[in-house]
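Here is what each chain is made of, one letter per residue.
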Amino acid sequence: MEKKPVNSATRSLATQLLFLISSILYTCTSATAQELLAGFKANPSSSVSSFQSLLNDSTSTFSLGFLRVNQTQLALTVIHLPSLQPLWQANPTSSFRWSDKTQLFFNGSLVISDPHKRSFWSTGTSQQGDKVVLLNSSNLQILQKQVVLWQSFDFPTSTLVENQNFTSNMSLVSPNGLYSMRLGDDFMALYARFKDGKTQQMYWKHKALEAKAEVVQGQGPIHARLESDGFLGMYQMGKTPVDIQPFNSFHRPIDRFLMVQLEPDGNLKGYYWAQTDWVLDYQAITETCELPSPCGPYGLCRAGSGCSCLDNRTQVDTASFQCIDGDDQSGDFCSGSDDFWVLRRKGVELPFKELMDSDTTSSSVEECELSCQRNCSCWGAVYNNATGFCYTLNYPIQTLVGVGDESKVGYFKVRTKRSWHKKIKVGIRVLGAVIVVLTGVVLGYGGYKIWNRRRRGPKRVLEEKTEVSPGPYKNLGSASFKSIEMF
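Residues numbered from 1 in each chain as written. Predicted model: local features only at pLDDT ≥ 70, side-chain atom pairs only at ≥ 80, totals over all residues. Heavy atoms only, no water.

1. Quick look at the state of the cysteines
Logical step 1: Going through the model one piece at a time under the given rule, you end up with 5 disulfides.
Logical step 2: Between the sulfur atoms of Cys 309 and its disulfide partner Cys 323 the distance amounts to 2.1 Å. Here the S-S torsion is close to -75°, and the disulfide linking Cys 309 with Cys 323 is therefore left-handed. With a gap of 14 residues between them, Cys 309 in strand β27 (residues 306-309) and Cys 323 in the loop between β27 and β28 (340-346) connect regions that are remote in the sequence. For the pair Cys 309 and Cys 323, a shared accessibility class is recorded, and that class is buried.
Logical step 3: A disulfide bridge connects Cys 372 with Cys 378, and the sulfur atoms are separated by 2.1 Å. Across the S-S bond linking Cys 372 and Cys 378, the dihedral sits near -100°, which makes this disulfide left-handed.
Logical step 4: The class for Cys 372 is buried, based on a relative accessible area of 0%.
Logical step 5: Given a relative accessible area of 0%, Cys 378 falls into the buried group. (Disulfide = S-S within 2.5 Å. Helix = DSSP H or I, 4+ residues; strand = E, 2+ residues; numbered from the N terminus. Buried < 20%, exposed > 50% of the residue type's maximum accessible area, 1.4 Å probe, protein only.)

2. Points about the pairing of strand β4 (residues 62-69)
Logical step 1: Buried residues dominate β4, accounting for 7 of its 8 residues.
Logical step 2: Where strand β3 (residues 51-56) meets β4, 5 bridges bridge the pair, whose relative direction is antiparallel. Across the sheet, Gln 52 pairs through a bridge with Phe 66, a residue of β4.
Logical step 3: The loop that links β3 with its antiparallel partner β4 comprises 5 residues; one of these, Ser 60, has a positive phi angle of about 55°.
Logical step 4: Bridge count between β4 and strand β5 (residues 73-80): 8 bridges; the pairing is antiparallel. Bridging across to β5, Phe 62 finds its partner in His 80.
Logical step 5: Hairpin remark: β4 followed by β5, antiparallel, with 3 residues in the connecting loop; positive phi at Asn 70, about 55°. (Pairing = 2+ DSSP bridges.)

3. Topic: the packing of aromatic side chains
Aromatic ring pairs are reported here in terms of the distance separating the ring centres and the angle at which the planes meet.
Logical step 1: According to the stated counting rule, one finds 16 aromatic pairs in the structure shown.
Logical step 2: Here a set of aromatic residues connected by ring pairs shows up, and it is made of Phe 62, Phe 257, Trp 273 and Trp 278.
Logical step 3: Geometry around Tyr 191 places Arg 182 over its ring, the cationic atom sitting 3.9 Å from the centre.
Logical step 4: In this structure, Arg 225 packs its charged tip against the face of Tyr 235, placed 4.5 Å from the ring centre. (Phe/Tyr/Trp six-rings, centres within 6.5 Å; stacked < 30°, edge-to-face > 60°. Lys NZ or Arg CZ within 6 Å of the ring centre and 35° of its normal.)

4. Describing the environment of Thr 360
Logical step 1: With respect to the helices and strands, Thr 360 occurs in the loop between β29 (348-349) and α2 (365-373).
Logical step 2: Overall, the relative accessible area of 54% leaves Thr 360 in the exposed class.
Logical step 3: With 30 residues separating them in the primary sequence, Thr 360 and Cys 390 have C-alpha atoms 6.3 Å apart.
Logical step 4: With sequence-adjacent residues up to four places away left out, Thr 360 is seen in contact with Gly 388 and Phe 389. (Contact = heavy atoms within 4.5 Å.)

Put into structure tokens, the structure is as follows:
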């Protein structure tokens, strides 16, 4: 193919762009400190559009700084500089304003404060640190005479990087806060937060295969580590793993930097940096329909066919990203058992039924449905006519998997959307109850007054009517009464 000549104007523009990019990279790397000492202070700069670098590692591959979020917010993060990929974040549950009032400072502890939003985060270093450094591994540390007082590797957020330990008292949490990863006695698992943060449903589990070493009960908890050789290993004692989950690049001679991340869709994925882009190297869940909720609430996922809805709609509502219209589909039905309608669907099953409790006492689909109907915490049930298993869902309905076997039947509660006339009826009932209470109070007070007057006798009643109490005034004349009333 013949190449088109490049004119001088195009060459000049390209040269200017290259110079601009080089200048930005130089500003982000060369002008950034490699340690923070006591007394350090920094505020977000209004001239920065994406990332304000504050501390770099010695290779300028990683950086601690302010990352702009939704234009007006910021996150204190450690990022991979070539890709601007966040690897760690301070207090991901709170947000800070991109404002000159927000300040990061180091006084022995690393502290970020936003007085306007009353947001605050600190490393809470018990002893006064001398300095803050960022290692070539992306580990942020606070040191006191070269002794590590605190490090970010002990507080992962959604990401693990190579050679970072993951212990049984840690958890990875997806950026949207819906999914988490934790370790068990001899396994690692992924959990979904489907109901007000109270219900944690396991949807993926990987048990240690114990091929090279066994998990010995009573010898301490297991821990995991992402190895630079290209695998996610689980260990208990020593350096011999009790389990290996190999990546695609396992034992391949590639100069790479590895990370695993818990994604917003609930999948655990591994990547390596290939100089210009992140390459997918591992995923815990390989089939889309096996994810916890790929099609959203009341969605239906079919392998190779994409998403539809349990109520026979062909598409998920792109505006609301849900299949069912109505009020909040969360919580339970214990505050009122009549505020739902029932949706039934044949040919459905749960994507992670092997990890759910099942009831074998139900001899029919009717009994399975009835057990859920009577339980105000139950949102639905799936019955398998072939096995007699009844799976009850104690959390709001998520995505179901479509199958060809119509003996697998689903029963699902849908919270009723309250119309305006129902709300008026509720208001009238409340108002009526208030009127009844007030009427009772008035009648009770009137009855008490009558009883009290009868008890005191005619003389006391007469004294109350004249509004004069017995005493030094009772022998005075009528003029005295008038003067007292005027006073």
